[in-house]
Structures are given as C-alpha cells and as structure tokens.
Amino acid sequence: MCGIVGYIGDKNATPIILGGLKKLEYRGYDSAGIAVIEDGCIELRRDVGKLTNLETLVKEEPLSGTIGIGHTRWATHGAPSAKNAHPHVGETGKVVIVHNGIVENYLELKEELEAEGAKFNSETDTETIVHLIERNLGSTGTLEEAVRQSLLRIKGAHGIVVISSLEPDKIIAARIGNAGGVVIGYGEGENFVASDIPALMEYTRRMSFLESHQMAIVTKEDVHIKTLDGKEINPRVDTIAWDPVAAEKGNYRHFMQKEIHEQVRSLTDTLSGRVDFEKNQINLMTLNLTAEKARAIQKIVITACGTAYHAGLVGKTMIEEMSRIPVEVDIASEFRYRDPIIDEKTCVISISQSGETADTLAAMDEARKKGAMVLSIVNAIGSQAMRVADGYISMQVGPEIGVASTKAFTAPLVDLYMLAIYLGDLRGTLSEEKKFQYVHDLRIIPELAGECIRREESVKKVAEAIKDIRNILYLGRGINMPIAYEGALKLKEISYIHAEAYPAGEMKHGPIALIDKEMPVLAIMPKDQWYEKMLSQVEQAKARGGMLILVASDGDENAKNLGDHILWIPDAPWLLMPVFTSIPLQMLAYHIAAIRGLDVDQPRNLAKSVTVE
Ligand code: M6R
C-alpha cells in the first residue's frame, strides 16, 4: 500500500527520497511523486507506473532542495494518473502533502471547501486535507497548528506528512488510527520520515514510531513528538537490527524465490532463543504470560487475514491438541463487524507479517474493548500489532519483500506450535513424555525445510508441465486442509490462475461436479492419520479423468501409481507437517508465475501491507 518518505537536512533530498521509495516498492503502487522546496518554492514531479518513470522525469526536469517528501500511491479514490499521484499541493502552492489512508468524510468536506471557493485538481480524497491545512494556516498562523486543526476534521485512519514553503525548516508528520505506520528516523544533522522501516535503513537504524493521534515536528536538528491535543511525548527510540543486505535480492531472480530459500535460516532463527532442548523447555517471555493467566484462558480466538489466517487455521489444531483450549479462527475483517462473543477469559491472538494490516488491527481494538487478553505473532519490529498487544511473539524472519508471503507463513506455524507447547505446559495439560516429544520434534525443522527446498528442480519440472492450466482444485484434510487454502492463494495471487481449495471431505457435497479432464486436482496427502481418506478422494478424482498432482510422502507407492505429477516431501511429525507440505506449493506457484513471465514480487492489484479496509 502507499509508501511515504520525507527528508530534512543539508543534503539533496531528491536521491534520498527516491532511494527510500524504491525500498518501499514491494508494498505495491500504481504511481509515484516527489516534492522538494527549491529556492523557497515547492517543486513537484509525479508520474504513473513504476518509479523508473518518475526517475526519468526527474532526470529530464531535475529538482533539488534540502527538504522534501515522496510517495508511492495505490489508488483508492481516482484512477492511477499523474494528477492523482501524491504529493498534492494546495491552491496557494505553499503547502504540500503525502497521505496514506482514506478520508471517510471527503465528499462532505469537498462540498464544503468548494462552496468556499476551493478548486480541486485531482479526484483524490487526499486533496481535501491540503485545502483544509491551507485554510487553517490562514487562521492559526503556524503549520503545526494548521495540520492539527485539519486532522480534527477528517474521519478515518491516516498517516500524513506535510511541508510548507512558508516554514521550510520542518516536516510535520502525523498518524491517526491504523492506516499504516509513521516512522521517524534520527540522523546526524538530518532526520527522516517514512511509512516503513526499509525506506530508512540505508540512512539510520535509530527510529521511533508514531502512535495513533500523535504528530511529529521534525527539523534537521530535532524531533518533537506530541499528541494531537498538544501534550509533548518523550519518544522511545529503537535501534533496528535488520541487515540491509537481507533486503536485497542477491543472486535470486525474484525476492519471493530468495525468501523461499531463506526458510532454513528463518526457521532456525524462529527456534533460537525459544527452545531449550537440554531443559525440554519453550521460552516465550515476550508473551508476558504467567501460569495463572494461562490457566484463566477459556477460549482462544485467532484473527488474521490472507496467509496469516491460514497459519491461524493450522494453529487451531496445534493449540487444541496440546493445550486443550478451544480455538476459533476468524478472518479479521469479519470478526470486527460481528459483535464477537469474547470477554476477559478469552485470549485473542492476531497474526500479521506487517503488523499494520488495518483489519487485523481493528480486530485487536475490538478484542481490547471487550476486555480480552490480546496477543500477537508479528514480523515487522515496532509495528502497531506488536506495540498494542499485551504480549507478542516476534517472527524473526527479517524483511519480507515479495507480496506473496512465504517465510512469514512457515515461521508463525512454528511459533504457534511452540505457543501450543508453552500453553500446555503452563496449564499442566501436557505430560512430560509428550512435552519431550513435541519439543524434541522441533530439532528437525530446519533440516527438513532444507530438504524440501533442495527438491526445487523437480518442482520446477512439474511447473513446466502444468504452466498452461486455467483452473485447479486444491484438496487437503485435517492439519493440511489450510495448506490447500494457502497453496491455492499463492498460485492465484502471483500466476492469476483460478485456484480453489476445499477440505477434501467436502468434495462429495458439491465440488466433485467440477472434476473432468480440464480440471486438475492437487491433493496434499502425506502419510498421517488422514492418509486413507485422502487416498480414496484422490481415487475418485482419478476416476473422473482429472489430472492429479500429489504432495506425497517419500516412498508412497499409491501416490506413485495414481499421480500424474508428484511433489515428494520427507516424512515428519504430523503436527509439523504443514511446514513441509507448504514449501513445495510455494515453489510450484513461484515457478509457474516465473515461467509465465509475470511480475512475481509485485503482482497486479495487490499490496504488501493492506493498511485500508
Ligand atoms: O501483513 P499481514 O500478514 O497482516 O497480511 C495479511 C495478508 O494481506 C497477506 O497474508 C496476503 O494474503 C499475502 N499477499 C499472502 O501472500
């Protein structure tokens, strides 16, 4: 979703802003723009399409200044076009703004502003904000106050950054609600603003994060953070430890492929510091859970979106199996509008890679309002989902750039597995032998993940063979049923092939009517307690002429006889099996999309962080 970068200091702001925006490309966008204050005037360049178009424009019509802001836009109001791209300048040409979010009352505001004579140059909701600021600047006299007054008028969730040629020594940034983060980066004689950490990593590691209803007044020497009602805040400054090299593509063709390969390391990092094999213990200290609190939990509700939701579905089986707490899994966008039955004996766990997904954050707010304990499993350090929770588990997978989530899917599977042991242990529902077995089983994860990844060439051959399919049905059962959902989601989001997923037992209730020679079936059938059932399902599909692609355990003779194509996986304990059944499906989706020559890392219409509803 939209990316924001701002700079103030002594250097030329243009390359810094363009470089920062490049680091945010993974979020998805359809146009981009930059504004700097040059010789006391606001200079603006905007273009549709990729950042390279904007870079070309900036080469043709250079602009330089020591303060500026830039933006990558993902259209919500008004088509992707140069005039709708941010930044937006007001009528006086003296105030310019970039914005992430939706002005919910923009029609009402636009009408009011137009009645007062305002002329709109774009179809965006954002433009209302800059008109409001200009008007308030007239009456309040300072940019800070004008921004504050304007924010009080707009409804919805927002991240905004504003500069003005009338006060060229400061950037004003503000956050209301959960429309994405606002990060302040601290330099020496220069400071930065961005919507997300990677934009600033090249320049500084010292960062703080605005909370909702806070604004930052950033000069080249200082940062002042205040609440919207004017109270000064002493910000916490975090030092971010991510390795910037980790955010680069290296020798891989796409970030997604790199991230699939990184899973041996990310899963090792997921375990490190959390598992004590000597003492047979799981330590999840950041959850802030005591035995007393754990015993008081009567129900767990997992809320998340997309891939994170699928991880939650796997987590349900793990937690129920080991801790015997009933678990519901809810799509966050549904949960928030359903008046869910939760109370102080409920523990709500949100899962999010970005930690900034608007629906997931709103679900957390809803849970908090109802008095539940709120925990999160989150990747982006310092993100809202990490900050607002009573406790969290950090995924520790580093930045995930590809829009299609891979390493941020397998890590929370392992986090949920460890959480299940931890809860079972704290609540005393796990015998010592079982606990030993479950803890012990964690050892094999990195090795088996590596084994799955080493089989990439054979997965690629399957991808070559089926690359032209138009539809496909994914089937799974039990703990691998969500992996069917996840495999289908991966394929559709990057290859645009229509993929549907079903719990295999549901086939006979309708979807089996779809199967014929034109409808390939991908069945996940490792040797586990659902194997026989899956086998009979696969045989039924075979009888109807469907092409069969099977995810099967090494050495499975039935699979060999039935399957047209087989993605072999090593044997593993059933509760951890989803980690290994998901990897070949990630590779299959990746190679099909790559062979089809598609934009794997930034698929059409998708954003990495979905910070609007
Ligand atoms: O950042 P989050 O984990 O909260 O994001 C949730 C979904 O938007 C995300 O998983 C999405 O489904 C991915 N594109 C899946 O690959």
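Residues numbered from 1 in each chain as written. Predicted model: local features only at pLDDT ≥ 70, side-chain atom pairs only at ≥ 80, totals over all residues. Heavy atoms only, no water.

Trainee: Tell me about the domain arrangement of the protein, residues and numbers included.
Mentor: Along its sequence, the protein is carved into domain 1 (3-244), domain 2 (249-452) and domain 3 (456-595). When each unit is reduced to the centre of its C-alpha atoms, the spacing between domain 1 and domain 2 is 33 Å. Across the boundary between the two partners, domain 1 contributes 10 residues, which contact 16 residues of domain 2. Taken together, the two surfaces of domain 1 and domain 2 that pack against each other cover about 1100 Å², and 56% of this comes from carbon and sulfur. Put simply, domain 1 and domain 2 have 2 salt bridges between them. Linking domain 1 with domain 2 are 3 residue pairs in polar contact (both at pLDDT 80 or more). (Domains from an automatic or database assignment. Contact = heavy atoms within 4.5 Å. Buried area = accessible area lost by both parts, 1.4 Å probe. Salt bridge = Lys/Arg side-chain N within 4 Å of Asp/Glu carboxyl O. Polar contact = N/O pair within 3.5 Å; in protein donor to acceptor, adjacent residues only side chain to side chain.)

Trainee: Describe the packing of helix α3 (residues 106-115) against helix α4 (residues 126-140), and please don't skip the residues or the numbers.
Mentor: Where α3 meets α4, the axes come as close as 10 Å, and the angle between the chain directions of the two elements is 45 degrees. Taken together, the axis directions place α3 and α4 in an arrangement best described as oblique. Handedness of the α3/α4 crossing: left-handed. Contacts between α3 and α4 involve Tyr106, Leu109, Lys110 and Leu113 from the first element and Thr128, His131, Leu132 and Arg135 from the second. Grouping the constituent residues of the contact of α3 with α4 by class yields 4 nonpolar, 2 polar and 2 charged. (Axes fitted to C-alpha atoms, helices over the stretch in contact; angles between N-to-C directions. Helix = DSSP H or I, 4+ residues; strand = E, 2+ residues; numbered from the N terminus. Parallel < 35°, antiparallel > 145°, perpendicular 65-115°, else oblique. Left-handed = near helix turned anticlockwise from the far one by under 90°. Nonpolar A, V, L, I, M, F, W, Y, C, P; charged D, E, K, R; others polar.)

Trainee: Could you give an account of the pattern of salt bridges, naming the residues involved and the relevant values?
Mentor: Going through the model one piece at a time under the given rule, you end up with 40 salt bridges. When the shortest N-O distance is used, the salt bridge between Glu61 and Arg45 registers 3.8 Å. Residue Glu61 is found in the loop between α2 (51-60) and β4 (67-73), and its partner Arg45 is found in strand β3 (residues 41-48); the two are separated by 16 residues along the sequence. Since its relative accessible area comes to 39%, Glu61 is described here as partly exposed. Across the pair Lys370 and Glu366 runs a salt bridge, and its minimum N-O distance is 3.1 Å. With relative accessibility at 15%, the residue Glu366 sits in the buried group. Several salt bridges share partner residues, and in doing so they unite Glu447, Glu451, Arg454, Arg455 and Asp554 into one network. (Buried < 20%, exposed > 50% of the residue type's maximum accessible area, 1.4 Å probe, protein only.)

Trainee: Talk me through helix α5 (residues 143-153); I want residue IDs and the actual numbers.
Mentor: The complete set of buried residues in α5 reads Leu143, Glu144, Ala146, Val147, Arg148, Ser150 and Leu151. Buried residues belonging to α5 abut α4, β7 (158-164), β8 (171-176), β12 (214-218) and β13 (223-227).

Trainee: Go over the packing of aromatic side chains with me, naming the residues and quoting the values.
Mentor: Enumeration according to the criterion identifies 4 aromatic pairs in this entry. When the centroid spacing of 5.3 Å and the interplanar angle of 15 degrees are considered together, the rings of Phe192 and Tyr203 count as stacked. Of this pair, Phe192 sits in strand β10 (residues 191-194) while Tyr203 sits in the loop between β10 and β11 (206-209); the two residues are 11 residues apart in sequence, bridging distant segments of the chain. Taking relative accessible area as the criterion, Tyr203 reaches 26% and is therefore assigned partly exposed. Relative to Tyr438, the ring of Tyr417 has its centre 6.4 Å away and its plane inclined at 85 degrees; by these criteria the two rings are edge-to-face. Taken together, the residues span a long stretch of sequence, with Tyr417 in helix α13 (residues 407-427) and Tyr438 in helix α14 (residues 432-441) at a distance of 21 residues. (Phe/Tyr/Trp six-rings, centres within 6.5 Å; stacked < 30°, edge-to-face > 60°.)

Trainee: Which residues make up the site of the ligand, and what values go with them?
Mentor: Taken together, 14 residues lie around the ligand, and Ser352, Gln353, Ser354, Thr357 and Glu493 are the ones closest in. Taking Val403, its main chain carries an N or O atom lying 3.2 Å from a nitrogen atom of the ligand. One of the side-chain N or O atoms of Glu493 is found 2.4 Å from an oxygen atom in the ligand. Within the complex, the protein chains bury 90% of what would otherwise be the 420 Å² of accessible surface of the ligand. When atom positions are compared with the pocket grids, the ligand is found to occupy the largest pocket. Looking at the shell around the ligand, the elements that each hand over two or more residues are α9 (306-323) and α17 (481-495). (Near = heavy atom within 4 Å. Areas by Shrake-Rupley, 256 points an atom, 1.4 Å probe, with all protein chains shown as cover. 1 Å grid on protein atoms, 1.4 Å probe; cavity = no way out; pocket = protein on both sides within 12 Å on 5 of 7 lines; lining within 4 Å. Sits in = over half its atoms within 2 Å of the grid points.)

Trainee: Can you lay out the sheet that holds strand β14 (residues 232-233) for me, pointing to particular residues and giving the numbers?
Mentor: Ordered by their spatial adjacency, 7 strands build an open sheet running β5-β6-β7-β8-β12-β13-β14, and the pairing between neighbours is antiparallel. Unpaired on one side and paired on the other, β5 (88-89) and β14 mark the two borders of the sheet. Pairing of β8 with β12 involves 5 bridges; the strand directions are antiparallel. Among the inter-strand pairings, Ile172 is bridged to a residue of β12, identified as Ile217. (Pairing = 2+ DSSP bridges.)

Trainee: Just give me the short version of the layout of surface pockets, but keep the residues and values in it.
Mentor: In this structure, the largest pocket spans a volume of roughly 610 Å³. Looking at the largest pocket, it is lined by 26 residues, and the ones nearest its centre are Cys305, Gly306, Thr307, Leu489 and Val610. Counting residues per element, the ones that place at least two in the lining of the largest pocket are α9, β20 (346-352), α11 (358-369) and α17. A class-by-class count of the residues in the lining of the largest pocket yields 13 nonpolar, 10 polar and 3 charged. (Points joined across faces, edges and corners; volume = space filled by probe spheres on them.)

Trainee: Before we move on, can you summarise the side chain of Asp441 with the specific residues and values?
Mentor: By secondary structure assignment, the location of Asp441 is in helix α14. Despite its burial, Asp441 pairs with no opposite charge, the nearest such side chain being Arg443 at 8.4 Å. If sequence neighbours within four positions are ignored, Asp441 has contacts with Tyr417, Pro573 and Leu576. (Lys, Arg positive; Asp, Glu negative; His and termini not counted.)

Trainee: How would you summarise unusual backbone geometry if you had to cite specific residues and measurements?
Mentor: With an omega of 0 degrees, the peptide bond between His86 and Pro87 qualifies as cis. Residue position: Pro87 is located in the loop between β4 and β5. We note that Gln396 has phi near 60 degrees; this positive angle belongs to a residue other than glycine. Considering the arrangement of structural elements, one finds Gln396 in the loop between β22 (391-394) and α13. According to the relative accessible area criterion, Gln396 is partly exposed, its value standing at 30%. Phi is positive for Tyr496, which is not a glycine, with a value near 65 degrees. Structurally, Tyr496 is set in the loop between α17 and β24 (498-503).

Trainee: Any chance you could break down the environment of Pro603 for me, citing the residues and the numbers?
Mentor: Residue placement: Pro603 occurs in the segment after α20 (577-595). Overall, the relative accessible area of 2% leaves Pro603 in the buried class. Sequence spacing of Pro603 and Gly68 is 535 residues, and the spatial spacing of their C-alpha atoms is 29 Å. Non-local contacts of Pro603, meaning those with residues more than four positions away in its chain, are made with Val403, Glu493, Ile494 and Tyr496.

Trainee: Tell me about the pairing of β24, residues and numbers included.
Mentor: Judged from the 6 bridges that link them, strand β23 (residues 471-476) and β24 form a sheet pairing that is parallel. Considered in β24, the bridge of Ile472 is made with Ala499.

Trainee: Quick one: what's the story with the pairing of β8, residue by residue and with numbers?
Mentor: Counted residue by residue, β8 has 6 buried out of 6 residues, so it is predominantly covered. Of the two faces of β8, the one carrying Ile171, Ala173 and Arg175 and the one carrying Ile172, Ala174 and Ile176 are both buried. Where β7 folds back onto β8 in an antiparallel hairpin, the turn is made up of 6 residues.

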